[in-house]
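Residues per chain are reported as follows:
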Amino acid sequence: MKRTVDVSFPVGPVHPCWKEPARVKCETRGEYVLRAEVELGYMKKGIERIMKGRPWQEVMFLAERVCGICSVVHNMVFIETMEKISGIAPAERAAYLRVVANELDRIQSHLLANFSYCYTIEHETLGMYLLDLREKVMDLLEKLTGARVNKAYMVPGGVRFDIGEETRHAILGSIPRIREETKRYRGMFSGGPMIGLRSKGVGILSREDAGRCHAVGPTARASGIAVDCRQRHPTYMKLGFSPVVRDEGDNFARVMVRFDEAIQSLSLVQQCLERLPEGPVLAGGICRAGETVHRGEAPRGELSYFVKTDEYGRIAEISIQTPSIMNIEAAAHYMMTGAVSLADVTSIFISADPCIACTER
Amino acid sequence: MMDVLYEKDLRPLKLHILESPRHRRTIREIGRRLGVEPGWLIRWAMAHFDMQLLENLPARFEQGLAHQGADDPLASAIGAELFTVYLPFFTTEEMNAALEQARERLGRGEGMEAVVKDTLRVLGRGFA
Amino acid sequence: MQRVKNAVRSRSIHVCVVDTGSCNGCDIEVLACLSPRYDIEQYGIYVHNNPREADVLLVIGAVTPQWEDKLIALWEKIPEPKAAIAVGNCPISGCVFNRHDSYVSAPASKFIPIAAEIPGCPPRPTEILSTILAIAPLAFKDFERERK
Ligand code: SF4
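Not measured: the values here are computed from a predicted model.

Rules used in this analysis
Residues numbered from 1 in each chain as written. Chains lettered and ligands numbered in written order. Predicted model: local features only at pLDDT ≥ 70, side-chain atom pairs only at ≥ 80, totals over all residues. Heavy atoms only, no water. Helix = DSSP H or I, 4+ residues; strand = E, 2+ residues; numbered from the N terminus. Rg over C-alpha atoms; globule rule 2.2 N^0.38 Å. Contact = heavy atoms within 4.5 Å. Areas by Shrake-Rupley, 256 points an atom, 1.4 Å probe, with all protein chains shown as cover. Lys, Arg positive; Asp, Glu negative; His and termini not counted. Charge placed at Lys NZ, Arg CZ, Asp CG, Glu CD. Buried area = accessible area lost by both parts, 1.4 Å probe. Salt bridge = Lys/Arg side-chain N within 4 Å of Asp/Glu carboxyl O. Polar contact = N/O pair within 3.5 Å; in protein donor to acceptor, adjacent residues only side chain to side chain. Nonpolar A, V, L, I, M, F, W, Y, C, P; charged D, E, K, R; others polar. Buried < 20%, exposed > 50% of the residue type's maximum accessible area, 1.4 Å probe, protein only. Pairing = 2+ DSSP bridges. Right-handed = clockwise from strand over helix to strand, strands pointing away. Near = heavy atom within 4 Å. Axes fitted to C-alpha atoms, helices over the stretch in contact; angles between N-to-C directions. Core = buried A, V, L, I, M, F, W, Y, C linked by side-chain atoms within 4.5 Å. Expected span 1.5 Å × (residues − 1).

*Asks:* Break down the overall build of chain C for me, with residues and values.
*Replies:* Helix and strand content of chain C: six helices and five strands. In chain C, the succession of helices and strands from N to C terminus is α-β-α-β-β-α-β-α-β-α-α. Taking 15 Å as the expected radius of gyration for a compact globule of 148 residues, we find that chain C reaches 15 Å, a close match to that expectation. In chain C, the proportion of contacts linking residues at least 24 apart, taken out of those at least 6 apart, comes to 83%. A total accessible area of about 6000 Å² is found for chain C, and carbon and sulfur atoms account for 51% of it. Between the mean site of the 16 positive side-chain charges and the mean site of the 17 negative ones, chain C shows a separation of 7 Å.

Right under this line is the structure:
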């Protein structure tokens, strides 16, 4: 849209703080941000178009590559969608292993998000601590699934391979240490006076605004909306899950929600591994024709897949709604409006944990 | 003179966003409500919305439908909040003016359905 | 003089990362190189994301339409001597995205000269690290003398 503005201040696409290209144009008066506009298109790969007409065996790998940070959950939600269409029930042991993989992935994603935030507000020490901790979680994930990023761990009916007794003990054994460290860094973050100055009261997203743009995940939960798709997931229901909610709605709250969720996820992993039932990890089934919508909770929020298949298990139509779409919108159109300083624009953007690869697919 | 490196014609990219099945469905549904051809709607949206809002269109539409207040049947039938707050197709003033007229016609004893339909048509005329 | 330059250039490498439409997997592996475990800075490699002071350009992703002209412009902004490294399968071949109907136009070597390629989807941080370390002395060695 062409408009004449006072000063339009573009940020990006290649920006030292941003790991991915996006462009935010801020309309400013002095330092005050009046409104912001996002320009995308740097990552549009057309993945939904590639998926069309391909068998699920191929789409499974494509689904993972929608986003490299939360690849487990894309894998999981797509496979669960296929299971829902074809009426396949996953093996019980596999259901628990899926939760383990998903929660480990959530922990590393949250740690990465908090690292990015600390890095953006120039608190590099804490950022590096978090990144180091993330490597430890990545190790566990690699032990469980065999790869670091694109794992393709789940298949309809279960998971690819069983977890050995040794790996189980290794993961269980390192959880206390990771929890200990996460708590320590959480304390460092919440207690740091400088961090507080740059985070508290900055980028406020009110409850109503969050509702308007359909914010999801930690961004919504930091604004007092208790949405979490895990509440409706059968395996999580068995584990007695309840979401973490805060109501400040500022940058600080969003980062703290992520810290708390990481700690919560650790205990979920522990619970799963402790009561892991015996049995096979793969149940049989055939993928059939059908059409459905399935939602799952990604680290960044609600992820939904709209899938239509034909009788050979090929994808006839697919549409993916990723959480970052809503959260970046919330960041750009509500949080940034009224930011008192241009210096806050980057930290506000990062605090919503944007993932451009997800947004554009 | 400096070349403007990043300002590009964004229309094809915006069109790519609107091509996904969910967006197409949403646009068609909005078009049906307003009595506008989807093509006009797409053109208008591409000119007035930024790319993030376009991406978020289906989610906002759903959210708007889910949060329609029940206290004013006329406003919710027209989608007064839906088309101003959730999907900023109209400004609040435009919508209020339209609502005002619709109320008047209702007061004259016209049928609810016809009034709603006509009001949306009138609003939708702005797109063509 | 040339010897001094060679020594300095192989010990202080400034890196700019550009993501031209990837799945993010390679991005985070490059990020992971920053972590204390791999500690990219102990080798004198600094990730700045600023093309104007970069020596090495890490290209990630399968070149989307928005980047076709910008990648070239970005490459031209980097001062000589410079080298571009393709990280991951995406800039090498387009990976899973290089199919009928997608928007990408891989490989990246259509647009800028690529000095080294790191295959993998994604490559491990150690591989990225060792490639940067291996290419820098080769690409920058005796740059002034050879140009003459
Ligand atoms: S090479 Fe693989 S991991 Fe890397 S960006 Fe491409 S798809 Fe993602």
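Structure shown, so let's carry the discussion forward.
*Asks:* An account of the interface of chain A and chain C is requested, with residue identities and associated values reported.
*Replies:* On the chain C side, the residues contacting the 40 residues of chain A number 38 residues. With both sides pooled, the region where chain A packs onto chain C buries about 3400 Å², and carbon together with sulfur makes up 59% of that total. Contact with chain C buries surface across chain A, with Val14(A), Lys45(A) and Arg49(A) losing the most and accounting together for 18% of the total. The tally of links from chain A across to chain C stands at four salt bridges. The partner of Asp139(A) in a salt bridge is Arg37(C), with the nearest N and O atoms 2.9 Å apart. Joining chain A to chain C, the criterion identifies six residue pairs in polar contact (both at pLDDT 80 or more). For the side of chain A that touches chain C, the secondary structure elements donating two or more residues are helix 1 (47-51), helix 2 (56-64), helix 4 (92-120) and helix 5 (124-145) of chain A. Sort the elements by how many residues they give to the side of chain A that touches chain C and helix 5 of chain A lands first, with eight residues. Taken together, the residues that form the side of chain A that touches chain C break down as 20 nonpolar, five polar and 15 charged.

*Asks:* Report on unusual backbone geometry, specifying residues and quantitative values.
*Replies:* Outside of glycine, negative phi angles account for most residues, and trans bonds account for most peptide bonds. Cis geometry is found at the peptide bond from Cys121(C) to Pro122(C), where omega equals -10°. If you trace the backbone, Pro122(C) turns up in the loop between strand 5 (116-118) and helix 5 (125-140). Residues other than glycine seldom take positive phi values, yet Asp353(A) does so here, at roughly 55°. Along the chain, Asp353(A) falls in the loop between helix 13 (343-351) and helix 14 (356-360). Even without being glycine, Asn24(C) reaches a positive phi, approximately 85°. With respect to the helices and strands, Asn24(C) occurs in the loop between strand 1 (13-19) and helix 2 (25-32).

*Asks:* Run through the pairing of strand 1 of chain C, naming residues and quoting values.
*Replies:* Taken residue by residue, a regular strand's side chains alternate between the two faces of the sheet. Residue and element names in this part refer to chain C. The buried fraction of strand 1 amounts to seven of the seven residues, a majority that puts the element mostly inside the structure. Taking every second residue as pointing to the same face, both faces of strand 1 are buried, with Ile13, Val15, Val17 and Asp19 on one and His14, Cys16 and Val18 on the other. Bridge analysis of strand 1 against strand 2 (residues 45-47) gives three bridges, and the strand direction is parallel. Paired with Ile13 across the bridge in strand 2 is Ile45. Running through helix 2, the crossover from strand 1 to the neighbouring parallel element strand 2 is right-handed. Here strand 1 pairs with strand 3 (residues 56-60) via five bridges, running parallel. In the strand pairing of strand 3, Asp19 is matched with Ile60.

*Asks:* Residue-level account of the environment of Cys90(C), with values.
*Replies:* Residues and elements named next belong to chain C. On the secondary structure map, Cys90 appears in helix 4 (residues 89-93). The class of Cys90 is buried, set by a relative accessible area of 9%. A C-alpha to C-alpha distance of 7.3 Å links Cys90 and Ala106, two positions 16 residues apart in sequence.

*Asks:* Just give me the short version of the site of the ligand, but keep the residues and values in it.
*Replies:* Neighbouring the ligand are 14 residues; Cys23(C), Cys26(C), Asn89(C), Cys90(C) and Cys121(C) lie closest to it. Residues close to the ligand are split across chains A and C. Sorting the residues of the shell around the ligand by element identifies helix 2 and helix 4 of chain C as the ones contributing at least two each. Considering only residue class, the shell around the ligand consists of seven nonpolar, six polar and one charged.

*Asks:* Mind laying out the sheet that holds strand 5 of chain C, listing which residues take part and the relevant values?
*Replies:* Residue and element names in this part refer to chain C. The five strands are arranged 2-1-3-4-5 in an open sheet whose pairing can be described as parallel. The open sheet is flanked by strand 2 and strand 5, the only strands paired with a single partner. Averaged over all pairs of adjacent strands, the angle between their axes in this sheet comes to 25°, without regard to strand direction. Together, strand 1, strand 3 and strand 4 (83-87) form the strand contacts of helix 3 (residues 67-77), whose direction differs from that of strand 1 by roughly 170°. Packing of helix 5 onto the sheet brings it into contact with strand 1, strand 2, strand 3, strand 4 and strand 5, and relative to strand 4 it is tilted by some 160°.

*Asks:* Outline the nonpolar core, listing residues and values.
*Replies:* Phe78(A), Phe189(A), Tyr305(A), Phe83(B) and Leu57(C) are the most contacted members of the largest nonpolar core, which totals 197 residues. At 14 residues, the largest contribution of residues to this core is made by helix 4 of chain A. What Leu57(C) contacts, discounting residues up to four positions off in sequence, is Cys16(C), Val18(C), Leu74(C), Trp75(C), Ile78(C), Ala83(C), Ala84(C), Ile85(C) and Ile112(C).

*Asks:* Requested: an account of the pattern of salt bridges, with residues and values cited.
*Replies:* All names here are of chain A. Applying the stated criterion across every chain, the model contains 27 salt bridges over all chains. Between Arg186 and Asp260 there is a salt bridge, with the nearest N and O atoms lying 2.5 Å from each other. Here Asp260 lies in helix 11 (residues 251-274) and Arg186 lies in helix 6 (residues 165-191), a separation of 74 residues in the sequence. Looking at Arg186, the relative accessible area reads 25%, which means it is partly exposed.

*Asks:* Before we move on, could you go through helix 2 (residues 21-34) of chain B and cite the residues and values that matter?
*Replies:* All names here are of chain B. Under the 1.5 Å per step criterion, the end-to-end length of helix 2 is 20 Å for 14 residues, consistent within 8% with the ideal 20 Å. Within helix 2, the full set of buried residues consists of Pro21, Arg22, His23, Thr26, Ile27, Ile30, Gly31 and Leu34. In the stretch just after helix 2, Gly35 is the one whose phi turns positive, near 65°.

*Asks:* So what's going on with the environment of Ile50(A)? Residues and values would help.
*Replies:* For Ile50(A), the location among the structural elements is in helix 1. For Ile50(A), a relative accessible area of 2% puts it in the buried group. Separated by 298 residues in sequence, Ile50(A) and Ile348(A) have C-alpha atoms that sit 33 Å apart. Apart from residues no more than four positions distant in its own chain, Ile50(A) is found in contact with Lys45(A), Leu62(A), Val96(C), Phe97(C), Arg99(C) and Ser102(C).

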